[in-house]
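# Survey of secondary and tertiary structure
Chain residues, written in single-letter form:
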Amino acid sequence: MRLMLFIKLILVSLCLALLAFGLIPDWTLINTLKIMALGIVLSVAITAFYPEIRGIKTGDTVAVVSDSAISSLIGRLGVAAAGGKKNQQIKITLQNGNEVTGVIESYTGIISPPKIRVIYEERMVE
């Protein structure tokens, strides 16, 4: 998840640097390289801190696990029914229609969705 954000930010910063190089007459290659380096640093910083600031919003895809030691790649996927920050309880709707209440363990990894540890699971009776 963070990987896609990082790639998008890198592409935007490279496009802006090359656009400046093409449009500004006094712009040198060294100036372009400096702007590219600044863009890469900003991309890394935003990618590192953005999930902590944003938290989890309603509609985000999350991984639901029963134990903290389990990787979020192994967990069941669901959709957050409410927003929240780390260590808060939120409701999640699983793909099969069940509702789960869980605690936000961690935000997104490089390629994994946020990890939610199950506290209470409500199952549909048929």
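Up top you'll find the structure we're talking about.
These lines cover the structure that appears in this document, whether it is placed above or below. (Residues numbered from 1 in each chain as written. Predicted model: local features only at pLDDT ≥ 70, side-chain atom pairs only at ≥ 80, totals over all residues. Heavy atoms only, no water.)

## Thoughts on the overall build of the protein chain
Counted only if it meets this: A run of H or I in DSSP becomes a helix once it reaches four residues, and a run of E becomes a strand once it reaches two; helices and strands are each numbered from the N terminus. Each residue's exposure class comes from its accessible area (1.4 Å probe, protein chains only) as a fraction of the maximum for that residue type: buried when under 20%, exposed when over 50%, partly exposed otherwise. A contact between two residues is defined here by any heavy atoms of the two lying within 4.5 Å. Residue-level accessible areas treat just the shown protein chains as cover; the underlying method is Shrake-Rupley with a 1.4 Å probe.
When its secondary structure is counted, the protein chain shows two helices and five strands. Going from the N terminus to the C terminus, the protein chain shows its helices and strands as α-α-β-β-β-β-β. Taking all 126 residues of the protein chain together, the buried fraction comes to 31%. Nonlocal contacts in the protein chain, meaning residues at least 24 apart in sequence, comprise 44% of its contacts between residues at least 6 apart. Working note: accessible area of the protein chain is about 8,100 Å², and carbon and sulfur atoms make up 67% of it.

## Comments concerning helix H1 (residues 2-23)
Inclusion rule: Expected helix span is taken as 1.5 Å per residue step, with the number of steps being one fewer than the number of residues.
Compared with the 32 Å implied by 1.5 Å per residue over 22 residues, the 32 Å span of H1 between its first and last C-alpha is a close match. Of the surrounding secondary structure, the elements contacted by the buried residues of H1 are helix H2 (29-54).

## Some points on the pattern of salt bridges
Quick note on the threshold: Between Lys or Arg on one side and Asp or Glu on the other, a salt bridge is scored when a side-chain nitrogen of the former is within 4 Å of a carboxyl oxygen of the latter.
By the definition in use, this model includes two salt bridges. Notably, a salt bridge pairs aspartate 60 with arginine 54, separated by 2.7 Å at the nearest N-O pair. You can call aspartate 60 buried: its relative accessible area is 17%. Close ionic contact of glutamate 105 with arginine 117 constitutes a salt bridge, the shortest N to O distance being 2.7 Å. Of this pair, glutamate 105 sits in strand E4 (residues 99-106) while arginine 117 sits in strand E5 (residues 115-122), and the two are 12 residues apart along the sequence.

## Topic: the nonpolar core
Definition in use: Buried Ala, Val, Leu, Ile, Met, Phe, Trp, Tyr and Cys residues form a nonpolar core when they are joined through side-chain atoms within 4.5 Å.
Of all hydrophobic cores here, the largest spans 12 residues; its members are Ile56, Val62, Val64, Ala80, Ile90, Ile92, Leu94, Val100, Ile104, Tyr107, Ile116 and Val118. Those elements that place two or more of their residues in this core are strand E1 (61-65), strand E3 (89-94), E4 and E5. Here the element with the most residues in this core is E3; it accounts for three residues. Contact partners of isoleucine 56, with chain neighbours within four places excluded, come to Val62, Ala80, Gly83, Gly84, Ile90, Ile104, Tyr107, Pro114 and Ile116.

## Details of H2
Three- or four-residue spacings in an α-helix give side chains the same orientation, since the helix completes a turn every 3.6 residues. Inclusion rule: Here the bend at a residue means the angle between the axes of two seven-residue stretches, the one that ends at it and the one that starts at it.
Taking 1.5 Å as the rise per residue, H2 with 26 residues should run 38 Å; its terminal C-alpha atoms sit 36 Å apart, in good agreement. Remark: the principal bend of H2, roughly 30°, maps to alanine 48, with a proline, proline 51, within the next four residues. All buried positions along H2 are accounted for by Thr32, Met36, Gly39, Ser43, Thr47 and Pro51. Buried residues along H2 sit in contact with H1. Backbone geometry just after H2 places glycine 55 at a positive phi near 75°.

## Some thoughts on the pairing of strand E2 (residues 76-80)
A regular strand places its side chains so that they alternate between the two faces of the sheet. Formally: We call two strands paired when DSSP finds no fewer than two bridges between them.
Inspection of the sheet shows E1 paired to E2 by four bridges, in the antiparallel sense. Looking at E2, one finds that valine 64 is bridged to arginine 76. For E2 and E3, the ladder comprises three bridges, and the chain directions are antiparallel. The residue of E3 that forms the bridge with alanine 80 is isoleucine 92.

Function-wise, these values are silent; they only describe arrangement.
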